[in-house]
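Structural characterization, general
The lines below spell out each chain.
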Amino acid sequence: MSVLVVGSINADRVLRVGHLPAAGETVLASGLARFPGGKGANQAVAAARLGAEVRFIGCVGDDEDGRAMVANLAEAGVATNAVRVTRSPTGTAHITVDDYGQNAIVVSSGANAQLSPADVDRHRTLVAGATVVVTQLEVPLETVAKLVELSDRVLLNAAPARAVPAEVLARVDILVANEVEAAALTPDRSPAVLLDLGPRAVVVTLGARGAQWWTRAGSGEVAAPVVRPVDTTGAGDAFVGALAAAIAAGRTLDAAVALAVDVAGQATTVAGAQLPTGLVDPAVLLA
């Protein structure tokens with residue numbers, strides 16, 4: 001069950017506040033912490049924590065953050081041989097989290113913007129050998145386009161919200177988006193329209209309400225577990241990583257979505273964007 005993640009690596013700076021500031025408002029933070037992050041890295045760690053064999057293609061800077069983020073991936077069991085060191089600084093996310101676990105995020109792409117189609121082409125054997133290939137929109141669109149050109153097993157997490165060329169969507173195997181991201185792809189958010197764009201399957205995450213999925217053969221909905229959230233920052237990434245691991249392990253789409261919803265719910269009960277060791281038992285993939 002091999003998963004290849006092609007995506008972003010960030011160092012997260014997290015500020016804890018009583019409430020998220022309104023436009024023009026200044027609020028005082030009760031603390032500042034650094035966590036490993038980046039949608040790609042978060043998804044890779046989630047898949048690895050569930051027992052999948054995970055490899056990563058990405059870029060970091062030649063700096064302390066870059067070295068720490070690569071070491072973190074390796075500690076989680078992710079193969080980092082294809083992570084390239086660039087002259088740009090490692091990507092950074094500045095995250096504000098309130099007392100209810102809700103967040104506001106600003107990302108400086110840094111080295112992630114240097115991940116090029118040439119990086120994908122250089123590692124095309126990794127692409128060809130993966131059971132599932134995962135990517136997101138925190139890296140250049142031309143790199144995503146190259147990836148779907150080389151593989152018909154791409155799970156595209158359409159995050160953050162942005163327009164995606166029709167020719168890219170036409171080659172995607174599984175499209176995952178939240179409600180805002182789905183609206184960026186098609187104004188009426190219609191699953192039928194999203195399927196008509198080309199993906200074999202469409203999955204829309206609904207936050208605390210769970211997730212829905214559609215294929216041309218059917219559809220389904222999974223309710224989220226009831227939890228007390230501490231930090232919702234990495235929930236979507238935990239969902240994608242778990243979904244990829246489950247699909248790679250041979251789960252059907254409905255079973256994979258159910259597992260991913262449960263893992264995402266558990267991810268909100270701890271601080272930071274990455275799934276920690278021991279929060280989810282890897283044996284659930286084989287259950």
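Quick look at the structure, then. All of these numbers come straight from a predicted model, not from anything done at the bench. (Residues numbered from 1 in each chain as written. Predicted model: local features only at pLDDT ≥ 70, side-chain atom pairs only at ≥ 80, totals over all residues. Heavy atoms only, no water.)

**A short note on the sheet that holds strand E10 (residues 174-178)**
What holds strands together in a sheet is hydrogen bonding between their backbones, with the strands either parallel or antiparallel. Across the sheet, which stays open at both edges, the 9 strands sit in the order E5-E4-E1-E8-E9-E10-E11-E12-E13 with mixed pairing between neighbours. With partners counted over all chains shown, the strands left at the sheet margins are strand E5 (78-86) and strand E13 (218-222), one partner each. For this sheet, the mean angle separating the axes of adjacent strands, direction not counted, is 15 degrees. Inspection of the sheet shows strand E4 (residues 53-61) paired to E5 by 7 bridges, in the parallel sense. By the bridge assignment, Ile57 is partnered in E5 with Ala82. Across the sheet, helix H5 (residues 141-150) lies against strand E1 (2-6), strand E8 (132-136) and strand E9 (154-157), angled at about 165 degrees from E8, the strand it touches most. (Pairing = 2+ DSSP bridges. Helix = DSSP H or I, 4+ residues; strand = E, 2+ residues; numbered from the N terminus. Axes fitted to C-alpha atoms, helices over the stretch in contact; angles between N-to-C directions. Contact = heavy atoms within 4.5 Å.)

**A few points about the sheet that holds strand E7 (residues 103-108)**
The strand order across the open sheet built from 4 strands is E3-E2-E6-E7, with neighbouring strands paired in mixed fashion. Two strands in the sheet have a free side with no partner beyond their single neighbour: strand E3 (31-37) and E7. The sheet shows a mean angle of 20 degrees between the axes of neighbouring strands, direction not considered. Sheet strands in contact with helix H2 (residues 64-75) are strand E2 (10-16) and E3, and its direction is about 60 degrees off that of E3.

**Quick look at the side chain of Asp231**
Turning to its location among the elements, Asp231 is positioned in the loop between E13 and helix H9 (235-248). Lacking a salt bridge, the buried Asp231 has Arg16 as its closest oppositely charged neighbour, with an N-O distance of 4.4 Å. Look past the residues within four positions of Asp231 in its chain and what remains in contact with it is Arg16, Val97, Gly101, Ala267, Thr268, Val270, Ala271 and Gly272. (Buried < 20%, exposed > 50% of the residue type's maximum accessible area, 1.4 Å probe, protein only. Lys, Arg positive; Asp, Glu negative; His and termini not counted. Salt bridge = Lys/Arg side-chain N within 4 Å of Asp/Glu carboxyl O.)

**Topic: the environment of Val284**
Inspection of the secondary structure assignment puts Val284 in the segment after helix H10 (253-267). Taking relative accessible area as the criterion, Val284 reaches 27% and is therefore assigned partly exposed. Considered as a pair, Val284 and Pro191 are 93 residues apart in the sequence and their alpha carbons are 29 Å apart. Apart from residues lying up to four places away in sequence, Val284 is in contact with Leu50, Arg251 and Leu259.

**Observations regarding the side chain of Glu138**
Here Glu138 is to be found in the loop between E8 and H5. Of the buried charged residues, Glu138 lacks a salt bridge, with Lys39 as the closest side chain of opposite charge at 5.2 Å. There is a polar contact of 2.5 Å between the side chain of Glu138 and the side chain of Ser8. (Polar contact = N/O pair within 3.5 Å; in protein donor to acceptor, adjacent residues only side chain to side chain.)

**Structural notes on the packing of helix H1 (residues 39-49) against H2**
At their nearest, the axes of H1 and H2 sit 9 Å apart, and the two run at 20 degrees to each other. Accordingly, the angle class assigned to the pair H1 and H2 is roughly parallel. The handedness of the crossing between H1 and H2 is left-handed. Of the residues in H2, those touching H1 at Ala41, Ala44, Val45 and Arg49 are Asn72, Leu73 and Glu75. Of the residues contributing to the contact of H1 with H2, the split by class is 4 nonpolar, 1 polar and 2 charged. (Parallel < 35°, antiparallel > 145°, perpendicular 65-115°, else oblique. Left-handed = near helix turned anticlockwise from the far one by under 90°. Nonpolar A, V, L, I, M, F, W, Y, C, P; charged D, E, K, R; others polar.)

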